[in-house]
Amino acid sequence: MEFRIADTFTDSLSKLNGDEQKAVKTTAFDMQMNPANPGLSFHKLDRAKDKNFWSIRVNRDIRIIVHKTESSLLLCYVDHHDKAYQWAERRKLETHPKTGAAQLVEVRELVREISVPQYITEKIPVQVASKPLLFDGLSDDELLGYGVPEEWLGDVHHANEDNVLELADHLPAEASEALLELATGGTPQSVVPSSKGFDPFEHPDAQRRFRIMKNVEELERALNYPWEKWTIFLHPAQREWVEKDYNGPARVSGSAGTGKTIVALHRAVHLARANPEARVLLTTFSEILANSLRIKLSRLISNEPRMGERLEVHAIDEIARRLYEMEFGAAELASAEMIRAFLEDASTVESTSFNLRFLETEWHDVVDAWQLESWESYRDIRRLGRKRRLAEKQRASLWAVFEQVRQRLYQEKLLTWPALFSRLSVRLAERVNPPFDFTVVDEAQDIGVAQLKFLATLVSIQKCQPIELT
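Note that this is a predicted model, so its numbers are computed, not measured.

Concerning the environment of Pro-435
Position of Pro-435 among the secondary structure elements: in the loop between helix H18 (417-429) and strand S12 (438-442). Take Pro-435: its relative accessible area is 13%, and that puts it in the buried class. Between the alpha carbons of Pro-435 and Tyr-77 there is a distance of 46 Å; along the sequence they are 358 residues apart. If we skip the residues at most four places from it in the chain, Pro-435 touches Arg-279, Leu-323, Leu-428 and Leu-458.

Considerations on H18
One turn of the α-helix equals 3.6 residues, which is why residues spaced by three or four share an orientation. Compared with the 18 Å implied by 1.5 Å per residue over 13 residues, the 18 Å span of H18 between its first and last C-alpha is a close match. Within H18, burial applies to Pro-418, Ala-419, Leu-420, Phe-421, Leu-424, Ser-425 and Leu-428.

Focus: the packing of helix H13 (residues 316-328) against H18
At a minimum axis separation of 10 Å, H13 and H18 run at an interaxial angle of 55 degrees. What the angle tells us is that H13 and H18 run oblique. Crossing hand, H13 versus H18: left-handed. Between H13 and H18, the residues in contact are Ile-316, Asp-317, Ala-320, Arg-321, Leu-323, Tyr-324, Glu-327 and Phe-328 and Trp-417, Leu-420, Phe-421, Arg-423, Leu-424, Arg-427 and Leu-428, respectively. Tallied by class, residues from the contact of H13 with H18 come to ten nonpolar, no polar and five charged.

Looking at the pairing of strand S4 (residues 62-68)
Where burial is concerned, most of S4 is hidden: six out of the seven residues are buried. As defined by bridge partners, strand S3 (residues 53-57) adjoins S4 across five bridges and the pair is classed as antiparallel. Within S4, the residue paired with Phe-53 across the bridge is His-67. Where S3 folds back onto S4 in an antiparallel hairpin, the turn is made up of four residues. Where S4 and strand S5 (residues 72-80) come together, seven bridges link them in antiparallel fashion. Directly across from Lys-68, in S5, lies its bridge partner Leu-73. Count of turn residues in the S4/S5 antiparallel hairpin: three residues.

A few points about unusual backbone geometry
The phi angle at Gln-371 is positive, at roughly 50 degrees, despite the residue not being glycine. With a phi close to 55 degrees, Lys-413 is a non-glycine residue in the positive phi region.

Examining the pattern of salt bridges
Inspection of the entire model under this criterion finds 29 salt bridges. As a salt-bridge pair, Arg-47 and Glu-89 come within 3.9 Å of each other at their nearest N and O atoms. Placement of the pair is Arg-47 in the loop between strand S2 (42-44) and S3 and Glu-89 in helix H3 (residues 81-89), with a sequence separation of 42 residues. We classify Arg-47 as exposed; its relative accessible area is 66%. Connected through shared salt-bridge partners, Glu-327, Arg-427, Glu-430 and Arg-431 make up one network.

Thoughts on helix H17 (residues 392-411)
Compared with the 28 Å implied by 1.5 Å per residue over 20 residues, the 28 Å span of H17 between its first and last C-alpha is a close match. Three or more residues of H17 are buried, namely Arg-395, Leu-398, Trp-399, Val-401, Phe-402, Val-405 and Leu-409. Check the buried side of H17 and you find it contacts helix H14 (336-350), helix H15 (356-367) and helix H16 (375-380). After H17 finishes, the residue Lys-413 shows a positive phi value of roughly 55 degrees.

Examining the side chain of Arg-395
Mapped onto the fold, Arg-395 is located in helix H17. Despite its burial, Arg-395 pairs with no opposite charge, the nearest such side chain being Glu-362 at 6.3 Å. Separated by 3.0 Å, the side chain of Arg-395 and the backbone oxygen of Arg-379 make a polar contact. The residues touching Arg-395, leaving out its near neighbours within four places in the chain, are Trp-375, Tyr-378, Arg-379, Asp-380, Ile-381, Arg-383 and Leu-390.

Comments concerning the confidence of the model for the protein chain
Here the protein chain averages 87 in pLDDT, while 92% of its residues score no lower than 70. Low pLDDT, under 50, characterises residues 110-114; the predicted model gives this stretch zero contacts beyond four residues in sequence or across chains.

As for the nonpolar core
For soluble globular proteins, the rule of thumb is that nonpolar side chains tend to be buried together. Residues Ile-5, Phe-9, Val-24, Met-31, Ile-64, Leu-75 and Val-78 are the most contacted members of the largest nonpolar core, which totals 23 residues. Every element with two or more residues in this core is listed here: strand S1 (2-6), helix H1 (7-13), helix H2 (18-33), S4, S5 and helix H9 (216-224). Phe-9 has contacts with Val-24, Ile-64, Leu-75, Cys-76, Tyr-77, Val-78 and Leu-223, leaving out every residue within four places of it along the chain.

Concerning the pairing of strand S10 (residues 280-284)
Most of S10 sits inside the fold, with five of its five residues counted as buried. Relative to strand S11 (residues 311-315), S10 runs parallel, the two sharing five bridges. From the neighbouring strand, Leu-282 faces S11, where its bridge partner is Val-313. Taking the sense of rotation as the criterion, the β-α-β connection linking S10, helix H12 (residues 287-300) and S11 turns out right-handed. By the bridge criterion, four bridges tie S10 to S12 in an arrangement that is parallel. Within the sheet, the bridge partner assigned to Leu-282 lies in S12 and is Val-440.

Some points on the sheet that holds S1
With respect to topology, six strands assemble into an open sheet ordered S2-S3-S4-S5-S1-S8, the strand pairing being mixed. The outermost strands of the open sheet, each flanked by one partner alone, are S2 and strand S8 (210-212). Neighbour-to-neighbour, the strand axes of this sheet turn through a mean angle of 35 degrees, independent of strand direction. In this sheet, S5 lies alongside S1 in parallel orientation, the contact comprising four bridges. What sits directly across from Glu-2, in S5, is Ser-72. Strands in contact with H2 are S1, S3, S4 and S5; relative to S4, the strand with the most contacts, it is inclined by about 30 degrees.

Criteria and cut-off values
Residues numbered from 1 in each chain as written. Predicted model: local features only at pLDDT ≥ 70, side-chain atom pairs only at ≥ 80, totals over all residues. Heavy atoms only, no water. Helix = DSSP H or I, 4+ residues; strand = E, 2+ residues; numbered from the N terminus. Buried < 20%, exposed > 50% of the residue type's maximum accessible area, 1.4 Å probe, protein only. Contact = heavy atoms within 4.5 Å. Expected span 1.5 Å × (residues − 1). Axes fitted to C-alpha atoms, helices over the stretch in contact; angles between N-to-C directions. Parallel < 35°, antiparallel > 145°, perpendicular 65-115°, else oblique. Left-handed = near helix turned anticlockwise from the far one by under 90°. Nonpolar A, V, L, I, M, F, W, Y, C, P; charged D, E, K, R; others polar. Pairing = 2+ DSSP bridges. Salt bridge = Lys/Arg side-chain N within 4 Å of Asp/Glu carboxyl O. Lys, Arg positive; Asp, Glu negative; His and termini not counted. Polar contact = N/O pair within 3.5 Å; in protein donor to acceptor, adjacent residues only side chain to side chain. pLDDT = per-residue confidence, 0-100. Core = buried A, V, L, I, M, F, W, Y, C linked by side-chain atoms within 4.5 Å. Right-handed = clockwise from strand over helix to strand, strands pointing away.

The following block contains the structure:
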């Protein structure tokens, strides 16, 4: 018997108090170990529209709603007695007639408006223009293609800007997302229909809300962090990026909140699982973000601790410093204050007309970032992103300052971060055995030029692809 869990169950579980959650988890574990356990109090819900809904007694008041057939048991919802029963009476599990995805559909209740006569003084009626219907131009077949349940088609056709958000709350996720995109002028993709005989739970849209729990460890992970559903339920588009095979470097971009970090985490785990001997690096630009990724990753692979030995999470500066020390020994890094002082001293000697602020940004964004080592390289480089254009004579004046700073760094045996990355990249390119086999980068838009070159070197010697999330 397949044992599944629905996202509606994890959502409802998180709303119970601590003692109630512990009792629910114990009952859920007992169910998974032995669904036929006589100690489990199954009660058939006669008033539910779906005749496969049953309740299971957790204690005197808490009830788990399950959908039970001969081949599967699905944890659907948990709450106090009356609320749990009311939830079940308003839901049914069905396979969508067009997409083939399994859906928990809210039963459409018939609402009748009763006119009550009112006696009022005579007034001139005010004509209120009705608001345009958002989806009236779409056919039933088109709406079904977006995953809208059949019994909600009439409500969708009559939706306007006042009630579309409330309507979306009653629909399966793929349908509500498509309607909201249509309402805002977008064109969502139709859901890909499943072939005949295909398991409705295997449809990508079903997998975002139903997951098979293969063992107690997986169920424990799902119930320990019910508020973080990303550990269990992935959006179909996210799963595509996670599991796709790439022929070269890949970049996944999107605005804030679109789930790029989720993709990065699952991609790193997917690479480690698919390549049992590989070492995977998950990196980002700051130590704070790296710590956050490390915590999330530990939850994602909590039932596979051995995988953590091959999957490392580091801020990019941290892993670069560690690798540099292994190759060259400890690095003496110049601070921002040191660089500012070197630039100020050199500008005084050269009597340049450029202010210190401009010298600092030109050094950090151009000269040091690209590790320019000669006048010719500075003269010819395209200063992308720099608003102020420079004539060759001005560049020559500036290079005189920067050359002095470079000499000062050399004399005092100091490195900048870009110089460290550059030197390390050269050394790693000479190595036969790379430190990592795959690299996944989160927030790649905040990675500097020298850092990206360092990652590109890792990729070129590994014959694999970095995944960048921006």
